[in-house]
Amino acid sequence: MSNSSTLVSVENLRFLRGNRVIYDDINLTIEKGKITAIMGPSGIGKTTLMKLIGGQLKPDSGDIRYAGDSIPQMSRRELYKTRKKMSMLFQSGALFTDISVFDNVAFALREHTKLDEDIIRTLVYLKLEAVGLRGAADLMPSELSGGMARRAALARAIALDPELIMYDEPFAGQDPISMGVLVKLIKALSSALDLTSIVVTHDVSEVLDIADYVYILANQKIIGEGTPSQIKASDSELVQQFLLGEADGPVPFHFPADDLFNTLLGTAQQGVKK
Amino acid sequence: MNYLQSIGYNTLNALTGFGRALLMLVGAIIAVPQRKNIRLTVHQIYVVGVQSLLIIMVSGLFIGMVMALQGYTILVNYGAEGSLGPMVALSLLRELGPVVTALLFAGRAGSALTAEIGLMKATEQLSSLEMMAVDPLRRIIAPRFWAGVIAMPMLALIFSAIGILGGHLVGVDWLGVDAGSYWSIMQATVEWDKDVVNGIIKSFVFAVVVTWIAIFKGYDAIPTSEGISQATTQTVVYSSLAVLGLDFVLTALMFGIN
Amino acid sequence: MTTRKTELLVGIFVVLTLAAGLLLALNVANQGMSGSDQSYTLYAKFDNIGGLKPRSAVKVGGVTVGRVESIYLDQDDFTPVVVLSISEQYNNFPDTSSVAILTSGLLGEQYIGFQPGFAFDDPVVLTDGDFISDTKSALVLEDLIGQFLFSRDSN
């Protein structure tokens, strides 16, 4: 699968948190210049996957390659060098609350480049213009609404013109308008800057519109993959349950419990993990 | 059996905690100082030092005044109220200055450091820094550590000086101890290297311990509101205990054995 | 970051600390003054120095003229030697002067009482490094009691 158009490849990844298995032997590849969506129910560790790609966590076994180089085996220096080429949009935005929106966007530029303050100013305003927040440059993060904070964080994420940008739940908790704005932005940035994007989400309809390729994660494994149309046509019960948002199905409504508990409630045995 | 198990479990937890704390500190302070970091440190000195100045000065003034009042009522019985000066000065320089400053610092600046860093962790700002290829240990932790270590001995010096002036205010201006004897007997008794310098050394040790506990508790906090409130409480409790315990050890080393 | 204001306030903080340090150094510990002041050294041998300590005052009629620099034991006759540092402005004490270890108040500090001798026609002045021969040791309570009992017995 590894060829020149692959930017990130995850190979036989296994990751445990404590004794709990988060990922059990998963494989996925992220194509250059494409938008790859990773979907799945809440709490299955989609954020963890991004932290693994960013090298903030180390897998228990398996490998993650960025442009062919193994991330878990990188030295600190190499890892920091690689991280300058990637960027991550956190769920909360993670703006630095003690500095203004302008300084937030300028942060990475000031930190990693020796550009003049004039050039930084120009760049920052260009990035803010791209997300439609040029007028909010002097506001503090606490003065922004949730959607604006996420857009500001997006401007910060693209400040250094990264190759790869990872969006952690970009649509969670957004009103329909902000959601529409974000969808448009992700799509526009991806095509305009030739960015490789990974979108982790559980908002099915939004992401199917913009994604080039989709992976669906559940029960520690990849349960479905393909282009949006392939996914929609999938005959897997699991995939269909997820797409249609059914309460019960292969992904159980009930948290795993012992048999007696189930019996008392009179629920079916299906889907309960042994 | 369960009881034994829990002892072993807690011991291991404590040991790994120490290990993580040390690794964090080493990762933070073993770095080439950069111009940028010096400016960040100055900013943090403002946050932990300048902003603690008022409470330190007011407390120092009152403690000096109370000591003069208490000391006078005892010393006057022996006609030794002339020794009020050295009594106030020595207790402040050797004990109260460093210790009370450290306790106030833990409550005022230490808890704020823990909460700030804990919140940065909870709101993913630390992760975000890491993903921007900026080491949070060097960018966030190191300036705060150095600022605490620099600011606290400064605060302790100011505390002692204000306390001695407060003692003067009550002892001399109010109770009528002779100003000349207040200062001259103090001067004859207080030794620069033994009393003043040892006090500064004490304060420096407290500064390292309190600041270290505060930033580690924030850095290691469970990133929830409950976790941060717990970490903040632990900062104040642990640093107060550490300061008082270390104070005994340091006093024994400095003044106990001649 | 409002850097300028912050830096100014931190600067004020540093100045305050220096002021506090200066107060402690000059007014509390009286460091530095003695060093910069011109002084000369005299020696005095005592049988017993009692509670005398380095930095104790040397007074003439209540006026402080110097301080005890150090105290050591003479290795030949095992008597304590007190090194006195006397301010240069009092440089004309005759060599017939005497010193005694006195106590200020009942529980006070011990200090050296310097009693200038009479100046005759041809006064010899004490200069740097001289020994003062006429000394009176500190009073030790046990000795006093012993003397008292002895003198009562002999009556």
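This structure is a prediction, so every number in the text was calculated from the model and none was measured.

About the cut-offs
Each chain carries its own residue numbering, running from 1 in the direction its sequence is written. Here every chain gets a letter starting at A, and every ligand a number starting at 1, in the order they are written. The predicted origin of the model limits local features to residues at a pLDDT of at least 70 and limits the giving and counting of side-chain atom pairs to 80 or more, whereas totals for whole chains, interfaces and linings rest on all residues. Side-chain descriptors were evaluated using all non-hydrogen atoms of the structure, hydrogens and water having been removed beforehand. We count a stretch as a helix when DSSP gives it H or I for four or more residues in a row; a strand needs E for two or more, and each element gets its number in order from the N terminus. Relative accessibility thresholds used throughout: buried, under 20% of the residue-type maximum; exposed, over 50%; partly exposed, between the two (1.4 Å probe, protein chains only). The contact rule is simple, with two residues in contact once any of their heavy atoms fall within 4.5 Å. Working definition of accessibility: Shrake-Rupley area with a 1.4 Å probe, residue cover restricted to the visible protein chains. Two strands form a pair only when DSSP identifies at least two bridges running between them. The term salt bridge refers to a pairing of a side-chain nitrogen on Lys or Arg with a carboxyl oxygen on Asp or Glu at a separation within 4 Å. What counts as buried area is the accessible surface, traced by a 1.4 Å probe, that two parts surrender upon association, with contributions from both included. Pairs of N or O atoms are called polar contacts if they sit within 3.5 Å, as long as, within protein, a hydrogen donor faces a hydrogen acceptor (for residues adjacent in sequence, only side-chain-to-side-chain pairs). Throughout, the ten residues Ala, Val, Leu, Ile, Met, Phe, Trp, Tyr, Cys and Pro are labelled nonpolar, Asp, Glu, Lys and Arg are labelled charged, and all others, Gly among them, are labelled polar. Each Phe, Tyr or Trp ring (for Trp, its six-membered ring) is paired with any other whose centre lies within 6.5 Å, and the angle between the two planes then decides the class: stacked below 30 degrees, edge-to-face above 60, tilted in between.

Participant: Which parts of the structure should I look at to understand the overall build of chain C?
Facilitator: The helix and strand inventory of chain C stands at three helices and eight strands. Of the regular secondary structure in chain C, the N- to C-terminal order runs α-α-β-β-β-β-β-β-β-β-α. Expressed as a percentage of its 155 residues, the buried residues of chain C come to 34%.

Participant: Got a minute to help me understand the overall build of chain A in this structure?
Facilitator: On a plain count of helices and strands, chain A comes out with ten helices and ten strands. Within chain A, the proportion of its 274 residues that are buried is 49%. By sequence separation, contacts in chain A at least 24 residues apart represent 61% of the contacts at least 6 residues apart. When the accessible surface of chain A is summed, it comes to about 13,300 Å², and 52% of that surface belongs to carbon and sulfur atoms.

Participant: Would you explain the sheet that holds strand β1 (residues 6–17) of chain A in this entry?
Facilitator: In a beta sheet, neighbouring strands are held together by backbone hydrogen bonds and run either parallel or antiparallel to one another. All names here are of chain A. The antiparallel open sheet is built from four strands, whose spatial order is β2-β1-β4-β5. Unpaired on one side and paired on the other, β2 (20–31) and β5 (69–70) mark the two borders of the sheet. As paired strands, strand β4 (residues 61–66) and β5 are joined by two bridges and run antiparallel to one another. From the neighbouring strand, arginine 65 faces β5, where its bridge partner is serine 70.

Participant: What is the right way to read the environment of glycine 27 of chain B from this model?
Facilitator: Residues and elements named next belong to chain B. One can find glycine 27 in helix α1 (residues 2–29). Judged by its relative accessible area of 22%, glycine 27 is partly exposed. Distance from glycine 27 to threonine 16, taken between C-alpha atoms, is 16 Å for residues eleven residues apart in sequence. Sequence-distant contacts of glycine 27, that is, excluding residues within four places in its chain, are made with Leu137 and Arg138.

Participant: I'm lost on the pattern of salt bridges in this one. Help?
Facilitator: Close approach of charged atoms lets side chains of opposite charge pair. Inspection of every chain in the model, using the stated rule, returns 18 salt bridges over all chains. A salt bridge links aspartate 24 of chain A to arginine 14 of chain A; the shortest N-O distance between them is 3.0 Å. Placement of aspartate 24 of chain A in strand β2 and of arginine 14 of chain A in strand β1 is noted, with a sequence separation of ten residues between them. Take aspartate 24 of chain A: its relative accessible area is 25%, and that puts it in the partly exposed class. Glutamate 130 of chain B is the partner of arginine 83 of chain A in a salt bridge, and the nearest nitrogen-oxygen pair spans 3.6 Å. Taken together, the residues arginine 83 of chain A in helix α2 (residues 76–83) and glutamate 130 of chain B in helix α5 (residues 125–131) connect one chain to another. Arginine 83 of chain A gets classed as buried once you look at its relative accessible area, which sits at 2%. Salt bridges sharing common partners tie together Glu11, Asp63 and Arg65 of chain A.

Participant: Whenever I open this one, the interface of chain C and chain B confuses me. Can you help?
Facilitator: By a frequent convention, interface size equals the accessible area lost on bringing the separate parts together. Taken together, the contact pairs 24 residues of chain C with 28 residues of chain B. A buried area of about 2,500 Å², summed over both sides, lies between chain C and chain B, and 79% of it is on carbon and sulfur atoms. It is Phe13, Leu24 and Val28 of chain C that lose the most area in chain C upon contact with chain B, and together they represent 26% of the buried surface on that side. Inspection of the region where chain C meets chain B yields zero residue pairs in polar contact (both at pLDDT 80 or more). When grouped by side-chain class, the residues that make up the side of chain C that touches chain B number 14 nonpolar, seven polar and three charged.

Participant: What exactly am I supposed to notice about the packing of aromatic side chains here?
Facilitator: Given two aromatic rings, one states the distance between the centres and the angle between the planes to describe the pair. Residue and element names in this part refer to chain A. In the structure shown here, the tally under the stated rule is seven aromatic pairs over all chains. When the ring of phenylalanine 96 is compared with that of phenylalanine 107, the centres are 4.8 Å apart and the planes differ by 55°; the resulting orientation is tilted. Of this pair, phenylalanine 96 sits in the loop between β6 (86–89) and α3 (101–112) while phenylalanine 107 sits in helix α3, and the two are eleven residues apart along the sequence. Across this residue pair, the class does not change: phenylalanine 96 and phenylalanine 107 are buried.

Participant: Even after reading the chapter, I still don't get the interface of chain B and chain A, so can you show me in this structure?
Facilitator: On the chain A side, the residues contacting the 16 residues of chain B number 24 residues. Both sides of the chain B and chain A interface together cover about 1,800 Å² of buried area, and 53% of this is carbon and sulfur. For chain B, the biggest contributors to the area lost against chain A are Glu124, Met131 and Met132 of chain B; these three give 36% of the whole. Joining chain B to chain A, the criterion identifies three salt bridges. We note a salt bridge from arginine 76 of chain A to aspartate 135 of chain B, for which the minimum N-O separation is 2.5 Å. Joining chain B to chain A, the criterion identifies nine residue pairs in polar contact (both at pLDDT 80 or more).

Participant: Just checking my understanding: could you explain the environment of isoleucine 12 of chain C for this structure?
Facilitator: Relative to the elements of secondary structure, isoleucine 12 of chain C occurs in helix α1 (residues 3–28). What makes isoleucine 12 of chain C partly exposed here is its relative accessible area of 44%.

Function-wise, these values are silent; they only describe arrangement.
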